[in-house]
Amino acid sequence: MENWNIHCVIIDAGKGVPYYLDLAVDTYYEIKIRHKREPEEDDFAKTQNDVLDRFLKYLDNAEIETLKTLSVTRVWNSEIFRLLVKKFRTGYPLTEMEYIFRFSFISKSGKQDIYVMHDLMSEDLQLKLDADKLKTINKALFQYYDEKLKKVNLKNIDETAKQNLIEACYHGKTGLKPEEYYEWFTNSSKAFFDSAQYHLILPLYEELLIIMKDFNGEDSIEYINTFHKLANLYLRIGIYKRSEKMYRQVLENKEKLLGSEHSEVGMVLFELADLLFCEGRFSEEEPMIKKVIQIVEKSHGKDSYEISGPLNNLGMLYAVQGRYCEAEPLLIRALKLEEKFLGTNNKDVAGTLINLANIYLDLKKFNEAKDLYLRSHSIRINIFGDSHPNVGRSFVDIGNVCLCQKDYEEALMYYEKGKNIIESNYGPEHPDVAIAIINLAYLYYKLYRNDEAYILNIRGIKLFQKFFGRNHPNTAFAIENLGLLFVRQKKYREAEILYSRALKIRVEVFANEHI
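In short, a report on the structure. Counting starts from 1 at the beginning of each chain's written sequence and moves along it residue by residue. pLDDT decides what is reported in this predicted model: residues at 70 or higher carry local features, side-chain atom pairs at 80 or more are listed and counted, and totals for whole chains, interfaces and linings draw on all residues regardless. Excluded from the side-chain calculations are hydrogens and water; all other atoms, namely the structure's heavy atoms, are used.

### Here we look at the overall build of the protein
Along the backbone of the protein there are 26 helices and 2 strands. Radius of gyration: over C-alpha atoms. The globule rule applied is 2.2 Å multiplied by the number of residues raised to the 0.38 power. Expected size for 515 residues packed as a compact globule is a radius of gyration near 24 Å; at 30 Å, the protein overshoots this value by more than 25%. Expressed along its principal axes, the backbone C-alpha trace of the protein runs to roughly 90 × 60 × 35 Å. Residues counted as buried form 51% of the 515 residues belonging to the protein. Any pair of residues with heavy atoms lying within 4.5 Å of one another is described as a contacting pair. Taking all contacts inside the protein whose residues are at least 6 apart in sequence as the whole, residues at least 24 apart take part in 63%. Only the protein chains shown count as covering a residue, and every accessible area follows the Shrake-Rupley method with a 1.4 Å probe. As presented, the protein carries roughly 25,000 Å² of accessible surface, and 51% of it is formed by carbon and sulfur atoms. The distance from the centre of the 70 positive side-chain charges to the centre of the 77 negative ones in the protein is 3 Å. By the criteria applied, helices consist of DSSP H or I runs no shorter than four residues and strands consist of E runs no shorter than two, each listed in order from the N terminus. Relative accessibility under 20% of the residue-type maximum defines a buried residue, over 50% an exposed one, and the middle range a partly exposed one, all with a 1.4 Å probe and only protein chains included. We treat Lys and Arg as the positive residues and Asp and Glu as the negative residues; His and chain ends play no part in the count. All charge positions are set by atom: Lys at NZ, Arg at CZ, Asp at CG, Glu at CD.

Have a look at this one:
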């Protein structure tokens, strides 16, 4: 630009904001190249508010309508471009897609054939759409992404599938009625929940909660159910205090709405009891899980599938308390019910096999334990694929029995595989990561890899204290591991302090009742 007056007009109007400056430059070139004349001072806006209108003045109607339609989508490719241009009859030739992307406010991402529009341009153009048109475009984009999601299952969820869910939610919130969006999302998110994509769907559920509150209020079943799901998601990612507070609120609301003996109330109690188990609050869990069993037996019967979960949890509780004679028959009964109603190749069956194997491991029945661990692992691989955190946990479980059999190299292989899978799903800070780390630390101790054992023990203790608190059996186990290392290093005083602390934790948790 050689005209200094035009320079000044553009700079004054843009107020130094790059978006407005670039858009004015786009206007300059549209006049010069497309309209084949020299731009003049009066061709340009004098204020920021007028910059867009002046730019649009030099485009034809097909371009304007196409840009307005594209502004609704946050990201697009040639497929979405063709869909929108054809469906909304903008008049723009489909073969000229690249030409309309000549402007400064449209950029190509690192991936081939992926385009995005500047946020300010997108917002300004959407203001030029009437509400019905905006809703219709959002619905069309929602349907596009929803169609992609129909091909998703828990084994094939990749980054593209995750992005498709995010975009479907973005457009569905505007394109669908609130009750339609609620029903769609609660169904469509199931595969992502089953594949342990908790961090992905948690903020989407938080957004849904706000929508349901605005739509039907906090007393509606949709709001309560969404709140319930959020409580479960916080449990899954290890934010136990927040999860418990939410569960108790859900419990109060559902008892008020449905009555204290309703099966849905039993489900809330069941999940709350599971949370108490995770926190090592065993004395609180036992009466709660027994109440769940009473509710389920009353509503579904003693030999129903629904009773298997509570039986399983009560068996797990008895097992960690050393009450193996009581635990084993409960788990066997749960396993038979699950196999009867679900078949032998089911995730619930795999979980119960693990719990039963844990008892045999504690009882030093290593061969029986390993057989059940391997059977469970095979089921999980078949259901979840080879990169699910449940598969990672199975590797850790198999590593435990290999460790007990003093097959240290095989244990190392399983532990490292398990830790890597769990960490790749949850990141470096999660309760399951802490468990995998502390088991690996103990193996390093056995292998005389003292420096590595020390580093992992310290990391594991910090994670256990973060997620479980200072008075938890897992924290005690981690502290004992570090004590073993100090004994080997002849740091007897430090070891004694750690052992005393671990013993104090166990006494407080088990109240001298553990075998």
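### Describing the packing of aromatic side chains
Ring pairs are drawn from Phe, Tyr and Trp, using the six-membered ring of Trp, whenever the two centres fall within 6.5 Å, and their geometry is named by plane angle: stacked under 30 degrees, edge-to-face over 60, tilted for the rest. Per the counting criterion, the structure on display carries 27 aromatic pairs. Ring geometry for phenylalanine 142 versus tryptophan 184: centroids 5.0 Å apart, planes at 80°, classification edge-to-face. With phenylalanine 142 in helix α8 (residues 131–149) and tryptophan 184 in helix α10 (residues 178–188), the pair connects residues that are 42 residues apart, well separated along the chain. By relative accessible area, which is 7% here, phenylalanine 142 ends up buried. Under the relative-accessibility criterion, tryptophan 184 is labelled buried at 10%. Relative to phenylalanine 185, the ring of tryptophan 184 lies with its centre 6.2 Å away and its plane at 50°, an arrangement referred to as tilted. Considered together, tryptophan 184 and phenylalanine 185 belong to a single accessibility category, that of buried residues. Here a set of aromatic residues connected by ring pairs shows up, and it is made of Trp76, Phe81, Tyr92, Phe101 and Tyr115. Working rule: Lys NZ or Arg CZ, within 6 Å of ring centre, within 35 degrees of ring normal, means a charge sits over the ring. The ring of tyrosine 170 carries arginine 74 above its face, with NZ or CZ at 3.9 Å from the centroid. Above the ring of tyrosine 448, the side-chain terminus of arginine 488 is found at 3.7 Å from the ring centroid.

### Focus on unusual backbone geometry
In this structure, arginine 89 takes a positive phi of about 45° despite not being glycine. Even without being glycine, tyrosine 448 reaches a positive phi, approximately 60°. In this fold, tyrosine 448 is placed in the loop between α23 (431–446) and α24 (450–468).

### What about the packing of helix α19 (residues 347–362) against helix α21 (residues 389–404)?
Lines are fitted to the C-alpha atoms to define the axes, a helix being fitted only along its stretch in contact, and any angle between axes, read from their N-to-C directions, falls within 0 to 180 degrees. Where α19 meets α21, the closest approach of the two axes is 11 Å, and the angle between their N-to-C directions is 15°. Taken together, α19 and α21 sit at an angle that is classed as roughly parallel. Note on packing geometry: the crossing formed by α19 with α21 is left-handed. Listed contacts from α21 to Ile354, Asn358 and Leu361 of α19 are Ser394, Asp397, Asn400, Val401 and Cys404. Classifying every residue of the contact of α19 with α21 by side-chain character gives 4 nonpolar, 3 polar and 1 charged. By definition in this entry, angles of less than 35 degrees are roughly parallel, angles greater than 145 are roughly antiparallel, angles of 65 to 115 are roughly perpendicular, and the rest are oblique. Throughout, a crossing is termed right-handed when the near helix is turned clockwise from the far one, and left-handed when it is turned anticlockwise from it by less than a right angle. In this classification, Asp, Glu, Lys and Arg are treated as charged, Ala, Val, Leu, Ile, Met, Phe, Trp, Tyr, Cys and Pro as nonpolar, and every other residue, Gly included, as polar.

### Re the side chain of serine 308
Counting through the fold element by element, serine 308 comes out in helix α17 (residues 308–320). Beyond its immediate chain neighbours, meaning those up to four positions away, serine 308 contacts Ala334, Leu337 and Glu338.

### With respect to helix α3 (residues 48–57)
Each full turn of the α-helix corresponds to 3.6 residues, which orients residues three or four apart in the same direction. Within the sequence span of α3, burial applies to Val51, Leu52, Phe55 and Leu56. Projection of α3 onto a plane perpendicular to its axis shows the buried side chains occupying an angular sector of 120°, all on one side. The exposed residues of α3 that point more than 90 degrees off its buried face are Asn49 and Lys57. In this fold, the buried residues of α3 make contact with α1 (4–14), α2 (18–34), α4 (61–70) and α7 (119–126). Each direction from the helix axis to a C-beta atom contributes to the arc, which is the arc of those directions.

### Comments concerning a nonpolar patch on the surface
Patch construction takes residues with relative accessible area above 30% that form no salt bridge. Like charges are linked within 9 Å, and nonpolar side chains (Val, Leu, Ile, Met, Phe, Trp, Tyr) are linked within 5 Å. The rule for a salt bridge is simple: a side-chain nitrogen of Lys or Arg has to be within 4 Å of a carboxyl oxygen of Asp or Glu. Taken together, Ile221, Leu257 and Leu258 make up a surface patch of nonpolar side chains, about 210 Å² in accessible area. Tracing the sequence through the fold places isoleucine 221 in helix α13 (residues 221–236).

### Digging into the packing of helix α14 (residues 240–258) against helix α15 (residues 263–278)
The contact between α14 and α15 brings their axes to 9 Å, and the two run at 160°. Classified by the angle between their axes, α14 and α15 sit roughly antiparallel to one another. Relative to α15, the crossing made by α14 is left-handed. Taking contact as the criterion, the partners of Tyr240, Ser243, Glu244, Tyr247, Arg248, Val250, Leu251, Lys254, Glu255 and Leu258 in α14 are, on α15, Glu264, Val265, Val268, Leu269, Glu271, Leu272, Leu275, Leu276 and Cys278. When its residues are assigned to classes, the contact of α14 with α15 shows 12 nonpolar, 1 polar and 6 charged.

### What to know about helix α9 (residues 159–175)
Taking 1.5 Å of rise per residue, 17 residues should cover 24 Å, and α9 covers 24 Å from first to last C-alpha, within 8% of that figure. Regarding α9, the residues found buried are Ala161, Lys162, Asn164, Leu165, Glu167, Ala168, Cys169, His171, Gly172 and Gly175. Tucked into the core, α9 has its buried residues touching α8, α10, α11 (190–194) and α12 (198–216). For α9, the N-terminal cap is aspartate 158; the gap from its side-chain oxygen to the backbone nitrogen of threonine 160 is 3.2 Å. Here the expected length of a helix is defined as 1.5 Å per residue gap, with one fewer gap than residues. In protein, a polar contact requires one atom able to donate a hydrogen and another able to accept it; more generally it is a pair of N or O atoms within 3.5 Å, and residues adjacent in sequence count only if both atoms are side-chain atoms.

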